[in-house]
Structures are given as C-alpha cells and as structure tokens.
Amino acid sequence: MKKITFLIITVFLLSFQHSCKKEEKINKSEEQTKTQTNDTIKNDSAVENEITNKPEDFIPKGFILFEKTEGDLNNDGVADCVLMIKGTDKSKFVNHEFRGELDRNRRGLIILFKKGNQYHQVLKNETCFSSENEDGGVYYAPELDVSVEKGKLFVHYAHGRYGYWTYTFQYRNSDFYLIGYDSSDNQGPMVQTITSINYLTGKQQVKDNINKDNPDADEVFEESWTNLESKKLTKLSEIKDFDDLL
C-alpha cells in the first residue's frame, strides 16, 4: 500500500514539474514575440520619420555648397533649408597682383521646404550674388550672410566701419518677395545715416545724423519720410545681381 501511494505522489510531482516547464517556455516565447513586435514598431516608426533625401541632392552640376542655414520659412512649424551655392568654373579664377589667385565664381541660393520626410525645392537663383573675393577698393569687400528668423529670409551685408545693409524677403505666391530694406551708413564708429524701407506700405524712413561732420559731437538724428513711386514687389527668383538692387 505504501509503495502504491509513493508511486502516485511521484507521478503527480513529475507531471506538475513538466507542466510548469511547459508554461515557462510558453511565457518566454510570448515575451520574445512581444519584444520583437515592439522592436518592429520602433523600426517602422524610425523609417517613417527618416528624411528620404538630402538638401545637398538639389545642388546642380557645376556648383558646390558654400553655406547652409535652416529655419521655418512658411510658418508650418518645420525647419526649412537654405543653401548658398557657388560655381566651380575654372575660367572664373583670376590672378590678382597682390592677393594671388582668386575664385571669382558667383554664388546663388536654393530654398527647400521640408514636408513630411522630404525636402522640396521652391526657389533657385544660381548666380544672384557676387563672389566672396571681390575687390573692396581701399577696404575689404562686404561680407554676405543669409539667415532665417520669424518666417522671413534675411540677406545681410556687413561692411565693417562703413556700416551694413539688409534685404528682407517673405514667402508668398510661390516666390520670395522683397518686403524690406535696412541700412546703416557709417564712418568709423559714427553713424551717418540710417535708412529703412517698407515695400509693403511703400514708405521710406531716413534718419540723418546732423552732427556727422563733427566726430567729437554726439549723434543726433533728423527723421524724414517719403513715399515710394512704385509698390511693385521684387521677386527673389528674378534678381540677377544683388549689387544692382540699391
């Protein structure tokens, strides 16, 4: 009788142990499947968010990237891309008497909007800027900088002690339009004249320093306003040379 009872208990324990191992294998398999599924979801999500093209893909043959900047230009909350490109034509290289070989290839702009996981070209003007190696006469040539702020594109020229000037563009009707111009005409540390133009309103403001001929006097500005003759806005895509704008 004792032997029969012992056998029954042994069989029960072995059966229970086998059942536990089987359940453990099932749980591990389910956990592994769950982990693989989560990884697949993460990978799919990464693919969906991955940019399928690069800004540099839009640079045409015969040009190189000179400068790149980013910022939201169409107020959709997504950073767009502005490429300043430069030609590579060997015939545009010149030998300067004092500065040696200079690359006089012109520069231009390509503007890309980012939509979803792709960039789309909205504007291209390949040669609207002179080279960075132009002759500045008794001073160095103006330094060009392009930036994006509050949905606007700024083309800024800094000319050291002689001041600066800035063109402001805004996207509308499938192009970028010149809506503003600001400049400061300086003589060393003293500001001579400040000019501000709003092309949307057609008004120009000029602040003239009445003490500009007296370097020891404080700057005192006299303000005047004029109306522009034409309110037609200039398109960035149609500008052949920024040096001829103003």
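Above this note sits the structure.
Residues numbered from 1 in each chain as written. Predicted model: local features only at pLDDT ≥ 70, side-chain atom pairs only at ≥ 80, totals over all residues. Heavy atoms only, no water.

A.B. asks: Can you help me understand the nonpolar core in this one?
C.D. replies: A general trend in soluble globular proteins is that nonpolar side chains are found buried together. Of all hydrophobic cores here, the largest spans 27 residues; its most connected members are I111, L153, V155, F169, L236 and F242. Going through the elements one at a time, β2 (80–87), β5 (107–115), β6 (118–129), β7 (143–149), β8 (152–158), β9 (163–172) and β10 (175–187) are the ones with two or more residues in this core. The dominant element in this core, judged by the number of residues it contributes, is β10, at four residues. Not counting chain neighbours up to four residues away, the residues in contact with F242 comprise C128, F129, V155, Y157, Y167, F169 and L236. In terms of nonpolar packing, the next biggest core, distinct from the first, is built from eight residues, C81, I85, L112 and Y119 among them. (Core = buried A, V, L, I, M, F, W, Y, C linked by side-chain atoms within 4.5 Å. Buried < 20%, exposed > 50% of the residue type's maximum accessible area, 1.4 Å probe, protein only. Helix = DSSP H or I, 4+ residues; strand = E, 2+ residues; numbered from the N terminus. Contact = heavy atoms within 4.5 Å.)

A.B. asks: Can you help me understand the side chain of D80 in this one?
C.D. replies: Position of D80 relative to the elements: it lies in strand β2. K114 is the oppositely charged side chain nearest to the buried, salt-bridge-free D80, at an N-O distance of 8.4 Å. Separated by 3.0 Å, the side chain of D80 and the backbone nitrogen of K114 make a polar contact. Those residues in contact with D80, other than ones at most four positions away along the chain, are T69, E70, G71, D72, L73, N74, L112, F113 and K114. (Lys, Arg positive; Asp, Glu negative; His and termini not counted. Salt bridge = Lys/Arg side-chain N within 4 Å of Asp/Glu carboxyl O. Polar contact = N/O pair within 3.5 Å; in protein donor to acceptor, adjacent residues only side chain to side chain.)

A.B. asks: Explain the pairing of β5 to me, please; I cannot follow it from the model alone.
C.D. replies: Each regular strand carries side chains that alternate between the two faces of the sheet. Taking burial as the measure, the nine residues of β5 include seven buried ones, the bulk of the element. In terms of strand pairing, β2 meets β5 through six bridges, oriented antiparallel. By the bridge assignment, I85 is partnered in β5 with G108. Alignment of β5 against β6, held across eight bridges, turns out to be antiparallel. (Pairing = 2+ DSSP bridges.)

A.B. asks: Please clarify how the sheet that holds strand β12 (residues 203–209) should be interpreted in this entry.
C.D. replies: Strand pairing within a sheet occurs via backbone hydrogen bonds; the two strands may be parallel or antiparallel. Ordered by their spatial adjacency, seven strands build an open sheet running β7-β8-β9-β10-β11-β12-β13, and the pairing between neighbours is antiparallel. The open sheet has two edge strands, β7 and β13 (221–227), and neither has a second partner. Between one strand axis and the next, the sheet turns by 15° as a mean value, whatever way the strands run. Direction of pairing for β9 relative to β10: antiparallel, over a ladder of 10 bridges. Within β10, the position partnered with W165 by the bridge is S183. (Axes fitted to C-alpha atoms, helices over the stretch in contact; angles between N-to-C directions.)

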